[in-house]
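Letter by letter, the chains look like this.
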Amino acid sequence: MNTATDVDVLVVGAGPTGLMLANQLARRGVRVQVVERNAGPSRQTKALGVQARTLEIYARLGVVERALAWGTRAIAASLWVEGRPAARVPLGDIGHDLSPYPFLLILGQDDNERLLGDELRARGVEVQWGTELVGLTQDAERATATLRQADGTTRELTAAWVAGCDGAHSTVRRLSGIDFPGAPYEQVFFVADTRVSGPMAAGELNVYLWPSGFHLFFPMRGSDHWRVVGIVPPALRGHDDLDFDALLPALRQEVGAGLAFQACTWFSTYRIHHRRAARFRERRCFLLGDAAHIHSPVGAQGMNTGLQDAYNLAWKLALVSHGHAAAGLLDSYEAERIPVAERLLRTTDRAFSIVVSNRWLAGLLRMRVLPKLLALAMRGERTRRLAFRTISQTGIRYPDSALSQDLAAPPGHAPRAGDRFPWLRLAFAADGAAEDLYARLDDTRFHLLLVGQAAPPGLPDALDGQLDVHVIPEHPHNAQALDRARIPRPAFYLLRPDGHVGLAGTRLDAAALRRYLAERLQLQPRTP
């Protein structure tokens, strides 16, 4: 631990990304401080969808049951064209054996912040509200932040590392001299919290496609409670006094006359950009979430991507902060997360262009061809599973990372280095019952899974005992589960704390594991 600084990590921004990072650091014993320029938590929200991968992380954090109680499970997305049902994309049945949470949870960003904020306070960390970053310098040993407090006074704080989780207008990014190339979309969006009855499929995300755009109806807690997101008609853009009532004629025309709105309790308009920071790190400063990448809302990916940025960086910062790993390990954050952001920007921008274009061909594709193709494609098991992995973010991989190494070419579709290790139920004793693998693995530690082999002598003792070894015994249930996941025997997998495979092979060689820990993870293992 670096005692020459006030804190190990200064987190700038108390949105979902910053709160996730602070929680993950605090539970690993890292000294962290969170500052937020706003006076208090957000009461309004744009992000609504919580994907399966985020729920898996919430389970490790101990907050998933509260998230599920507060949110609404959407087991499918229903597509409508000109007020008539056109296609349905199931989520629950295609992901039932891929994740413990095979659905989209509708839970507003404000509720996610409340959930993570409550957990952070329980860990003894309080957000410093009304505190704005106004200056930032770095040297070889530390970063010095100048913070302006609510009363107008300033103070300096030193940190070993600074995490910019401060949104699209990131001060950390600006003070670090990092470009943010991209452009805004021409469309203006709106979000409204409503009580409405109509033809919407209950408990599902309803997507209404119309000639030059779309509207999304998200099911919320309570009777007839829907969050509506859509595009402001061109004739109404630029109206400073625009309210929800002004949109109702267009909504009824584009969605259908069967809508009956009882109330609108909150309404806001906003613009969306598609941008990615030129880099995610400048010496001791990192960018995460909207500070690093922003894109269209297609696929409900934005907030979840920021949460995964935090999950990726936290365990690495903890190892470095505690002196278990060299600072070079932190280079892997940018190397792993920039490709994810680039791919996300490409796919969401392409999809968004199709659903908002007013060109005749695009309109034909959106209104007539796309729903039919989607309905046809979702009949195939392989396509359905690929769709779930993509939307749920459980399919994110780091195959080209310096931290990913296969000692032997994995057969077929077997898990390999960089993959999120599959969700399985396994028996860990020859006479034991099957249990949830994810629930068993502590995500503050590394885990070595040995299949079809015993632990060899001379395993390195690294991380002060933070490496757990699990021998998967022969068991009828295990054989079925391993076959379903296409895991060969013998095999071994070293899992990083975030659940991705670091090192994989067939027969474990203790010397190879020692080399991986020293050279790839830059650890200093000890041999007993």
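Values in this document were obtained by computation on a predicted structure and should not be read as measured data.

Rules and cut-offs
- Residues numbered from 1 in each chain as written.
- Predicted model: local features only at pLDDT ≥ 70, side-chain atom pairs only at ≥ 80, totals over all residues.
- Heavy atoms only, no water.
- Helix = DSSP H or I, 4+ residues; strand = E, 2+ residues; numbered from the N terminus.
- Polar contact = N/O pair within 3.5 Å; in protein donor to acceptor, adjacent residues only side chain to side chain.
- Domains from an automatic or database assignment.
- Contact = heavy atoms within 4.5 Å.
- Buried area = accessible area lost by both parts, 1.4 Å probe.
- Salt bridge = Lys/Arg side-chain N within 4 Å of Asp/Glu carboxyl O.
- Nonpolar A, V, L, I, M, F, W, Y, C, P; charged D, E, K, R; others polar.
- Pairing = 2+ DSSP bridges.
- 1 Å grid on protein atoms, 1.4 Å probe; cavity = no way out; pocket = protein on both sides within 12 Å on 5 of 7 lines; lining within 4 Å.
- Points joined across faces, edges and corners; volume = space filled by probe spheres on them.
- Buried < 20%, exposed > 50% of the residue type's maximum accessible area, 1.4 Å probe, protein only.

## As for the side chain of S401
Here is step 1 of the chain: Within the fold, S401 resides in the loop between helix 10 (381-392) and strand 20 (405-406).
Here is step 2 of the chain: Here the side chain of S401 touches L403 through a polar contact of 3.0 Å, landing on its backbone nitrogen.

## Regarding the domain arrangement of the protein
Here is step 1 of the chain: Once the domains are mapped, the protein shows domain 1 (7-71 + 107-180 + 277-354), domain 2 (73-105 + 184-272 + 357-396) and domain 3 (405-520).
Here is step 2 of the chain: In this assembly, 7 residues from domain 2 lie in contact with 6 residues from domain 3.
Here is step 3 of the chain: Together, the buried faces of domain 2 and domain 3 total about 540 Å²; carbon and sulfur atoms form 55% of this surface.
Here is step 4 of the chain: Where domain 2 packs against domain 3, one counts 0 salt bridges.
Here is step 5 of the chain: At the surface where domain 2 touches domain 3, the tally comes to 1 residue pair in polar contact (both at pLDDT 80 or more).
Here is step 6 of the chain: Its residues assigned to classes, the side of domain 2 that touches domain 3 comprises 3 nonpolar, 3 polar and 1 charged.

## Describing the sheet that holds strand 3 (residues 49-50)
Here is step 1 of the chain: Reading across from one edge, 3-7-4 is the order of the 3 strands in this open sheet, with antiparallel pairing throughout. In the strand order of this sheet, the two ends are held by strand 3 and strand 4 (72-74), each with one partner.
Here is step 2 of the chain: When strand 3 meets strand 7 (residues 104-106), the two strands line up antiparallel, connected through 2 bridges. The residue of strand 7 that forms the bridge with G49 is I106.

## Comments concerning empty space enclosed by the protein
Here is step 1 of the chain: The final tally for this structure, using the stated rule, is 4 cavities of 30 Å³ or more.
Here is step 2 of the chain: Roughly 110 Å³ of volume is contained in the largest cavity.
Here is step 3 of the chain: Every residue lining the largest cavity is counted, 16 residues in all, and those nearest its centre are R60, L441, L495, D498 and G499.
Here is step 4 of the chain: For the lining of the largest cavity, the secondary-structure elements that each account for two or more residues are helix 2 (52-61) and helix 11 (437-440).
Here is step 5 of the chain: Here the lining of the largest cavity is built from residues that sort into 6 nonpolar, 2 polar and 8 charged.
Here is step 6 of the chain: Roughly 40 Å³ of volume is contained in the second largest cavity.
Here is step 7 of the chain: As for the second largest cavity, its lining consists of R53, Q308, Y311, N312, Y398, D498 and H500.
Here is step 8 of the chain: Sorting elements by how many residues they give to the lining of the second largest cavity places helix 7 (residues 302-321) first, with 3 residues.
Here is step 9 of the chain: Broken down by class, the residue content of the lining of the second largest cavity amounts to 2 nonpolar, 3 polar and 2 charged.

## Overview of the pattern of salt bridges
Any two side chains of opposite charge can pair if their charged atoms end up close together.
Here is step 1 of the chain: Inspection of the entire model under this criterion finds 25 salt bridges.
Here is step 2 of the chain: In this structure, R385 engages D97 in a salt bridge whose closest nitrogen and oxygen atoms are separated by 3.1 Å. Placement of the pair is R385 in helix 10 and D97 in the loop between strand 6 (84-90) and strand 7, with a sequence separation of 288 residues.
Here is step 3 of the chain: Two residues, D468 and R445, come together in a salt bridge whose shortest N-O distance is 2.7 Å.

## Points about the side chain of D111
Here is step 1 of the chain: Within the fold, D111 resides in helix 4 (residues 109-122).
Here is step 2 of the chain: We classify D111 as buried; its relative accessible area is 13%.
Here is step 3 of the chain: Looking at D111, its side chain comes within polar contact range of the side chain of R114, at 3.1 Å.
Here is step 4 of the chain: Excluding residues within four positions of it along the chain, D111 makes contact with W70 and R221.

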